[in-house]
Structure formats: C-alpha cells, structure tokens
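Chains, contacts and geometry: an overview
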Amino acid sequence: MSKSSSSAVHPIKSEEIGTQEENLTKPMSDLHNIDPELIQRMVYDALVWSSIHGLLVGDKSVQKSGKVPGVGMVHAPVALFPTSFPESHWKQACEVSPIFNELIDRVSLDGEFLQDSLSRTKMVDDFTSRLLDIHSKMLENGKREEIRLGLHRSDYMLDEQTKLLLQIEINTISASFAGLGSLVSELHRSLLNRYKEQLGLDSGRIPVNTAVNGFAEALAKAWEEYSNPRAVVMVVVQPEERNMYDQHWLSTVLKERYDVATIRKTLAEIDEQGVLLPDGTLLIGDQAIAVIYFRTGYAPADYPSESEWRARFLMEQSSAVKCPSISYHLAGTKKIQQELAKPNVLERFLENKDDIAKVRKCFAGLWSLDDSDIVKDAIERPEFYVMKPQREGGGNNIYGDDVRKSLLRLQEEGTEENAAYILMQRIFPIIAPTYLLRDGICHKDHAISELGIYGAYLRNKDRLIMNEQCGYLMRTKVSSSNEGGVAAGFAVLDSVYLN
Ligand code: ADP
Ligand code: MG
Ligand code: MG
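Let us look at the structure shown here. Not measured: the values here are computed from a predicted model.

Across its full length, the protein chain carries 19 helices and 21 strands. Taking 23 Å as the expected radius of gyration for a compact globule of 499 residues, we find that the protein chain reaches 22 Å, a close match to that expectation. Oriented by its inertia axes, the alpha-carbon framework of the protein chain measures out at about 65 × 60 × 50 Å. Here the protein chain, with 499 residues, has 58% of them falling under the buried criterion. Taking as baseline every contact in the protein chain between residues at least 6 positions apart, the subset at least 24 positions apart corresponds to 75%. Surface accessibility of the protein chain: about 20900 Å² in total, with carbon and sulfur atoms responsible for 50%.

Right, let's get into the site of ligand 1. Looking at ligand 1, there are 21 residues lining it, with Lys-334, Lys-388, Gly-394, Tyr-399 and Glu-450 nearest. One nitrogen or oxygen atom from the side chain of Lys-477 is found 2.9 Å from an oxygen atom belonging to ligand 1. Listed by contribution, the elements that provide at least two residues to the shell around ligand 1 are β6 (164-171), β14 (385-389) and β16 (421-425). When grouped by side-chain class, the residues that make up the shell around ligand 1 number 6 nonpolar, 6 polar and 9 charged.

Moving on, we come to the coordination of the magnesium ion (ligand 2). Donor atoms from the polypeptide that bind the magnesium ion (ligand 2) are Glu-169 (OE), Glu-169 (OE), Asn-171 (OD1) and Glu-392 (OE), placed at 1.9 to 2.4 Å. Sequence spacing among the residues donating to the magnesium ion (ligand 2) works out to E-x1-N-x220-E. Here the magnesium ion (ligand 2) and the magnesium ion (ligand 3) are spaced 3.5 Å apart, with Glu-169 acting as a shared donor. One end of the pair, Glu-169, is in strand β6; the other, Glu-392, is in the loop between β14 and β15 (398-399), with 223 residues separating them in the sequence. The exposure classification of Glu-169 matches that of Glu-392, with both residues buried.

The subject of this paragraph is empty space enclosed by the protein. Across all of its chains, the model carries 6 cavities of 30 Å³ or more by this definition. Its boundaries defined by the atoms lining it, the largest cavity holds a volume of some 100 Å³. Looking at the lining of the largest cavity, the elements that each hand over two or more residues are α7 (126-140) and β6. Grouping the constituent residues of the lining of the largest cavity by class yields 5 nonpolar, 7 polar and 2 charged. By volume, the second largest cavity amounts to about 80 Å³. Forming the walls of the second largest cavity are Phe-100, Leu-103, Ile-104, Gln-167, Ile-170, Ala-331, Gly-332, Thr-333, Ile-336, Gln-337, Leu-340 and Phe-363. Split into classes, the residues belonging to the lining of the second largest cavity amount to 8 nonpolar, 4 polar and no charged.

Formed by 130 residues in total, the largest nonpolar core has its most connected members in Leu-80, Phe-81 and Leu-149. The dominant element in this core, judged by the number of residues it contributes, is helix α10 (residues 211-226), at 10 residues. Ignoring anything within four residues of it in the chain, the contact list for Leu-80 reads Ile-39, Met-42, Val-43, Ala-46, His-188, Leu-191, Tyr-435, Leu-437 and Cys-442. Counting residues in hydrophobic clusters, the runner-up holds 14 residues, among them Ala-378, Tyr-385, Ile-398 and Tyr-421.

Before going further, it helps to spend a moment on the layout of surface pockets. The rolling of a water-molecule-sized probe over the atoms marks out the regions of remaining empty space. As a volume, the second largest pocket reaches approximately 570 Å³. Taken together, 29 residues make up the lining of the second largest pocket; nearest its centre are Thr-83, Ser-84, Phe-85, Ile-430 and Ala-432. If you list the elements that add at least two residues to the lining of the second largest pocket, you get β4 (83-85), β5 (147-159), β17 (432-438), β18 (441-460) and β19 (463-478). By residue number, the principal contributor to the lining of the second largest pocket is β17, which donates 4 residues. Split by residue class, the lining of the second largest pocket holds 16 nonpolar, 9 polar and 4 charged.

The interhelical angle for the contact between helix α8 (residues 178-194) and α10, taken along N-to-C directions, is 150 degrees, at an axis separation of 7 Å. Mapping the contact onto sequence places Ala-178, Gly-179 and Ser-182 in α8 and Ala-211, Val-212 and Phe-215 in α10. The residue inventory of the contact of α8 with α10, partitioned by class, reads 4 nonpolar, 2 polar and no charged.

Considering the arrangement of structural elements, one finds Glu-241 in the loop between β7 (232-236) and α11 (244-258). Arg-295 provides the closest opposite charge to the buried, unpaired Glu-241, separated from it by 6.0 Å. A polar atom in the side chain of Glu-241 sits 2.9 Å from the backbone nitrogen of Asn-243. Among residues more than four places away in sequence, those in contact with Glu-241 are Ser-65, Gly-66, Gln-247 and Arg-295.

Calculation criteria
- The residue numbering used here restarts from 1 in each chain and proceeds along that chain's sequence as written.
- Labels are handed out in written order, letters beginning with A for the chains and numbers beginning with 1 for the ligands.
- Side-chain atom pairs in this predicted model are given and counted only at pLDDT of 80 or more, local residue features only at pLDDT of at least 70, and totals for whole chains, interfaces and linings cover all residues.
- Neither water nor hydrogens contribute to the side-chain values; these are computed over all heavy atoms in the structure.
- Strands are runs of DSSP state E lasting at least 2 residues, helices are runs of H or I lasting at least 4, and numbering of each runs from the N terminus.
- Here the radius of gyration uses the C-alpha set of atoms, whereas the globule reference equals 2.2 Å times the residue count to the power 0.38.
- When a residue's accessible area, from a 1.4 Å probe over protein chains only, is under 20% of the maximum for its type it is buried; when over 50% it is exposed; and in between it is partly exposed.
- A contact between two residues is defined here by any heavy atoms of the two lying within 4.5 Å.
- Under the convention used here, a 1.4 Å probe and the Shrake-Rupley method define accessible areas, while residue burial counts only the protein chains that appear.
- Here, proximity means that at least one heavy atom of the residue falls within 4 Å of the molecule or strand.
- A 3.5 Å cut-off defines polar contacts: any pair of N or O atoms within that distance qualifies, except that in protein one atom must be a possible hydrogen donor and the other a possible acceptor, and neighbouring residues in sequence count only when both atoms are side-chain atoms.
- Just so you know the grouping, Ala, Val, Leu, Ile, Met, Phe, Trp, Tyr, Cys and Pro go in nonpolar, Asp, Glu, Lys and Arg go in charged, and all remaining residues, Gly too, go in polar.
- Donors, by definition, are the N, O and S atoms found within 2.8 Å of a metal, the threshold being 3.2 Å for Na, K and Ca, and water is not counted, so a site can look incomplete.
- Cavities and pockets were defined on a 1 Å grid built over protein atoms only: a cavity is a set of grid points that admits a 1.4 Å probe from which the probe cannot escape, a pocket is an open set flanked by protein on both sides within 12 Å along at least five of seven lines, and lining residues are those with an atom within 4 Å of any such point.
- Grid points are joined across faces, edges and corners, and a volume is the space filled by probe spheres set on the points.
- The term nonpolar core refers to a set of buried residues drawn from Ala, Val, Leu, Ile, Met, Phe, Trp, Tyr and Cys, joined through side-chain atoms within 4.5 Å.
- Note on geometry: axes are lines fitted to C-alpha atoms, helical ones only across the stretch in contact, with angles between N-to-C directions running from 0 to 180 degrees.
- The convention is simple: Lys and Arg are positive, Asp and Glu are negative, and His and the chain ends are not counted.
- For salt bridges, the criterion is a side-chain nitrogen of Lys or Arg within 4 Å of an Asp or Glu carboxyl oxygen.

The values are spatial; any link to function lies outside them.
In structure tokens:
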C-alpha cells in the first residue's frame, strides 16, 4: 500500500488525462455493445480478484457470518465497470470537501444553534431527543472537546437536467466503505488494464482512491494527539456486522502503517466494562481508550435498551477523542442540513465569501414542513420531492405518492409530527446501462449513481492538524429503486471514470 499523499484533492492531473480523441479511448457509454462472452470472462476475473484481495462482506445465508471473521464470506456487491463522471464536477466535489469539514466543526461548536434548530424535532422524535439530551448535559457541564476528529462522507448526485452537482447529505457518523471503496477502484483498474485491447478504456482515468489511507492517517494522528502510548482506538460495533471487512481494512492499515492497536466493542459491552476515571480517562476493563470510532449508534435499533444509551453517555463524558462527538453527530442531521440551506445561515459559520458560494452551490432545495407553499406544491407534485425523517442508514425516506399521502395525513392530524421531517428537492441523475454484480451473478440494468467524497478533519484546540479530501465512493443502483444503501441491499459499490 502506498502512503497517502497529504494533498490528494485530485490525484490525476487534467494534463495526464487528455481528451478522449487524443487517447483513442472509448466513452463508457459504449458499454452496452460489449460481447457477452467478454462480460462473462470479466465477471469471472472480478469474482476471483475480489476473493483474493478482501473485497468481501459477510454472506447473509450463513448464520455466523456477521460474528466470526473468515466464516461465510461473499464478494461485495460491485459494478463491473467504473461509472463515467465529468471531471469538472468531480473536481468541484473534491474542492468543497475541506470546506464542509470546517463547516461541520464550526456548527458543532454552536450548541445553541444545534439545540434551537432541533427543538421542535425533539418533541416528536424520541431518538433525536435522546441525542439532544446527552448534548444538553454536556453543555450544562461545560464539557469541551479539545481534540476534534471528523471522518465524513459527503454524498452527491449530478442532476441531469440542470447539470448541477447537488449534495444528498453529509454523513458525520459511521461513514462506511472507505476500506472496500478503495478496493473497488483497484478492481476496476485491474479489469480495465487486463482487457485494455478489447475495451479500449484507460485505467488512468480512475482516480487513485486514498479513502482507507486517509481515514487511518486521521485516526493515527488523533491517537497521537491524545498522547497516551498505552491507549488504543476503540471501534464501536454492532453485535452482528456483515460489513466487518470494510472496518477491518481500516484497523489493519492503522496497525500496519501506524502501529496503533484497535479493540472492537459493542455498546452493551461498553456499558458493562466501561469505567470513567476522575481525570476523564475511559477504561474498558483495564484498557485506556484514546479514540472512539463509531460504526454503530446512528439508528434507534442500535439502542435496544437503556444499557446502550448509558454507554453512549459514558463515552461522551470521557476525555477520549470521539468520532463523532455528540455535537458532530447532531451537526450531520438532515434538519441541520436544511437549516444551513436557509438564507444567511452559512454566513454565521464561514467567513470566506468564495467558500460560502461553493458550499451553497451544492445545496438542493431543502425545506421545513412549516413552509405551506412548498407543502402544497409537494402534495400536488410529489414526484419532485423526497420527504426525510432524522434517520441514517438508508431505507427511511418517503417518495412519490407516499409523499402526498404522508403530507395529507400530517395536515389532517394537525399534530407537531411534521417537525420530524424535512422536504428535499428530488434529484434526477442520468440513467445509464450498467452491469451489477451480486452473489456471483451479473445483471445488466439501467442505473443511477451517487458520488461520495470522504473528508478527514482533525483539530486540537486552535491547531488544525488535518483537513483533507481523501478518496471517494461511487454507489450505483438500479434506477427504479428509490433508496441507495449498499448494506441495505439496494446498491452496488462502484468507482469513477473521469471524462
Ligand atoms: P441516509 O442517511 O439514510 O443514507 P439519504 O439522505 O442519503 O439518507 O437518502 C438515502 C438515499 O435516498 C440516497 O442514497 C439516495 O439514493 C436517495 N435520495 C436521498 N435524497 C434524494 C434526493 N433529494 N433526490 C433523489 N434521491 C435521493
Ligand atoms: Mg446518511
Ligand atoms: Mg445517505
């Protein structure tokens, strides 16, 4: 593995890419004319490559596959070819990444803004309310996070009609697939090289993916800032996790490159084994924790009992670096996304006018359900909107005729429940034929893609240590599906072919 470069905003220089005519490479749109026999050979090679390089997930047909590593593994769902994406929009997405990182940090420091913006949501959404309770207690106690670590993924779709790169959301907790996403880019490069003559595609157009290296570097640097050589990084995990290899990739790079050890604990185990020392040190058994990296804790189902909430509260009180802190978690909610899109709100957090303009350019239409004109329009033309609750992990949004029905129901009931949702402009990306590979079977279908850009941010008080765009993840899903989660079974992992 090569060391990640510290300024890998754009790993491929435009001079190196040239135009398609110069390189005599074909556009990706020619894909549907490929010889089926060649496709079968590529599928076989992709399956072998994934198996021997660890591009794997737990197989849900094997019971123990979410608990025991090495048992019941299957290749991750992937696209057979990278997806074409305009270089200008790619650059735009990379360029705003550090600005979004800084924005999240600034928002996280404004406890009042977080509490006020979510105050109505709090009354109708128990989960958000519990998070806000922890946040309030930290404010009351005057708790400060001096070392702040953000490992984010900002997701975008390219709206076909307007040609605008629009942000879907930014994930500040448990942003996944840095590990497997990096591997998919390598898989695609390997396939394009092997079949260069037949395909005429240029593997150099797939940007180098620094996601896993960037995240590992940020975790290592956070560990270093904590400055207790005996302390470890704790990955907070679900009791069963079929996406464990993605997480193990990160832990492995962290160990091999930076010699930082990780332990894996569930929220229930942390409640059982966790102790807080008077100086704020978090001990799990007798092991001190330097950095807490959450890969769970973002959904109500992650807290089946009071035990899990006690664990979250215990960790928040500790001096360990939290990725994310409760403030970072709340700053990534959809309600905050919508509040930030209101006029003059970005100006509260960012000074630089160019930065503000760049961030704002990525904002799609976002509205609260207090906006009666928008609600009226959404009832009349629901296909142009998405209705979103304060949830993460895919499969929670409302689309199409259900938007109309839900809005009418909320109007009839006249309750405060509308504060649980936001409305968002529906984005319509280009639909392209794609080969999707899942469980060893290849399907050709019409698909749309969502580009995720990873960002790593680390600060210790006034000292900014890291603020970088690091790598990416393309996710591609059949165009008839509304939702896009890979783990939820809707999408496949993909990479980018710049054009
Ligand atoms: P989650 O936090 O659950 O991932 P998202 O806001 O990312 O929530 O929504 C889940 C999926 O729904 C996205 O990956 C995308 O496929 C689809 N989606 C979300 N917002 C929009 C939108 N405005 N237009 C079109 N599709 C959307
Ligand atoms: Mg999300
Ligand atoms: Mg999402």
